[in-house]
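Chain by chain, the residues run as shown.
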Amino acid sequence: MKGVISTRVGYAGGTTNNPSYYNLGDHTETIEINYDPNIISYRELLNIFWNLHNPIYETGNRQYMSIIFYHNNMQMEEAIDVKRQIEAERGQKIYTEIVSFKNFYLAEGYHQKYYLQNATKPYKELKNIYSSFSEFVSSTLTARVNGYIAGSISIYSLKRELEYLEVPEENYNRLIAILEDLR
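Residues numbered from 1 in each chain as written. Predicted model: local features only at pLDDT ≥ 70, side-chain atom pairs only at ≥ 80, totals over all residues. Heavy atoms only, no water.

(A) The arrangement of the overall build of the chain in detail. When helices and strands are counted, the chain shows eight helices and five strands. When its helices and strands are written in sequence order, the chain yields β-β-α-β-α-β-β-α-α-α-α-α-α. A globule of 183 residues ought to have a C-alpha radius of gyration of about 16 Å, and the chain, at 18 Å, matches this closely. In terms of its C-alpha atoms, the chain occupies a principal-axis envelope of roughly 50 × 35 × 30 Å. In the chain, buried positions account for 39% of the 183 residues. Contacts in the chain between residues at least 24 apart in sequence constitute 67% of all its contacts with a sequence separation of at least 6. For the chain, the exposed surface amounts to about 10900 Å²; the carbon and sulfur share of it is 48%. Considering the chain, the positive charge centre built from 18 side chains and the negative charge centre built from 22 side chains are found 3 Å apart. (Helix = DSSP H or I, 4+ residues; strand = E, 2+ residues; numbered from the N terminus. Rg over C-alpha atoms; globule rule 2.2 N^0.38 Å. Buried < 20%, exposed > 50% of the residue type's maximum accessible area, 1.4 Å probe, protein only. Contact = heavy atoms within 4.5 Å. Areas by Shrake-Rupley, 256 points an atom, 1.4 Å probe, with all protein chains shown as cover. Lys, Arg positive; Asp, Glu negative; His and termini not counted. Charge placed at Lys NZ, Arg CZ, Asp CG, Glu CD.)

Next comes the structure, spelled out in structure tokens:
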């Protein structure tokens, strides 16, 4: 989405120190979204969240529960307001929790940019651009390519964005050719 700079997968909402996929404790799997509020608002992100999943079922499983974390009172009020609107529109109780953010723990590497890591050629091409896996995971470029591979962005939109993402010239044409071959 325009305005979303990067995303990272991780765990939050609990008290267990350094959770992992197999030792989650009382955390929930979540994503961290780094965004530019001048381009996309918190409310717009909330609306996208509500439209991408069905929050009317209680999972009974904290790991996969529907949850929104807020960082300040304004975000809390917006999250509650949008949740009430969705409940009114659907005429159903929403089981999504709205919780104050405390800590975010990065998930294991194999969870990051999942679609991209499973597309060997673009993954190898992009991995060569970054000096560390941390840079790779936090990159806007890898977030966009992951979105393209997942089917969330068109090649046309991706090409337009790549022009502004400072892709090294020697990688740009090769990356586009690799991505176009995927479709």
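Next, the rest of the story.
(B) View of unusual backbone geometry. Here asparagine 18, not a glycine, exhibits a phi torsion of approximately 50°, which is positive. Within the fold, asparagine 18 resides in the loop between strand E1 (4-12) and strand E2 (28-35). Using a relative accessible area of 64% as the deciding quantity, one classes asparagine 18 as exposed. Here lysine 113, not a glycine, exhibits a phi torsion of approximately 45°, which is positive.

(C) Molecular detail of the pattern of salt bridges. Counted according to the given criterion, the structure contains six salt bridges. Where arginine 174 meets glutamate 125, a salt bridge forms, and the shortest distance between an N and an O atom there is 3.0 Å. Of the two residues, arginine 174 sits in helix H8 (residues 169-182) while glutamate 125 sits in helix H4 (residues 120-127), which places them 49 residues apart along the sequence. Classification of arginine 174 by relative accessible area gives partly exposed; the value is 43%. (Salt bridge = Lys/Arg side-chain N within 4 Å of Asp/Glu carboxyl O.)

(D) Geometry of the pairing of strand E4 (residues 97-100). For strand E3 (residues 67-70) and E4, the ladder comprises four bridges, and the chain directions are parallel. Bridge pairing links phenylalanine 69 to valine 99 in E4. (Pairing = 2+ DSSP bridges.)

(E) Seen up close, the packing of aromatic side chains. Applying the stated criterion across every chain, the model contains seven aromatic pairs. When the centroid spacing of 5.2 Å and the interplanar angle of 75° are considered together, the rings of phenylalanine 49 and tryptophan 50 count as edge-to-face. Exposure remark for phenylalanine 49: the relative accessible area of 25% places this residue in the partly exposed category. On the basis of relative accessibility, which here comes to 1%, the residue tryptophan 50 falls in the buried class. On the basis of an interplanar angle of 25° and a centroid distance of 5.5 Å, the ring pair of phenylalanine 133 and phenylalanine 136 is categorised as stacked. Of this pair, phenylalanine 133 and phenylalanine 136 both sit in helix H5 (residues 133-138), separated by three residues, roughly a single helical turn. Exposure remark for phenylalanine 133: the relative accessible area of 33% places this residue in the partly exposed category. On the accessibility criterion, phenylalanine 136 (1% relative accessible area) is buried. A network of ring pairs unites the aromatic residues Tyr123, Tyr130, Phe133 and Phe136 as a single cluster. (Phe/Tyr/Trp six-rings, centres within 6.5 Å; stacked < 30°, edge-to-face > 60°.)

Keep in mind these numbers describe shape, not what the thing actually does.
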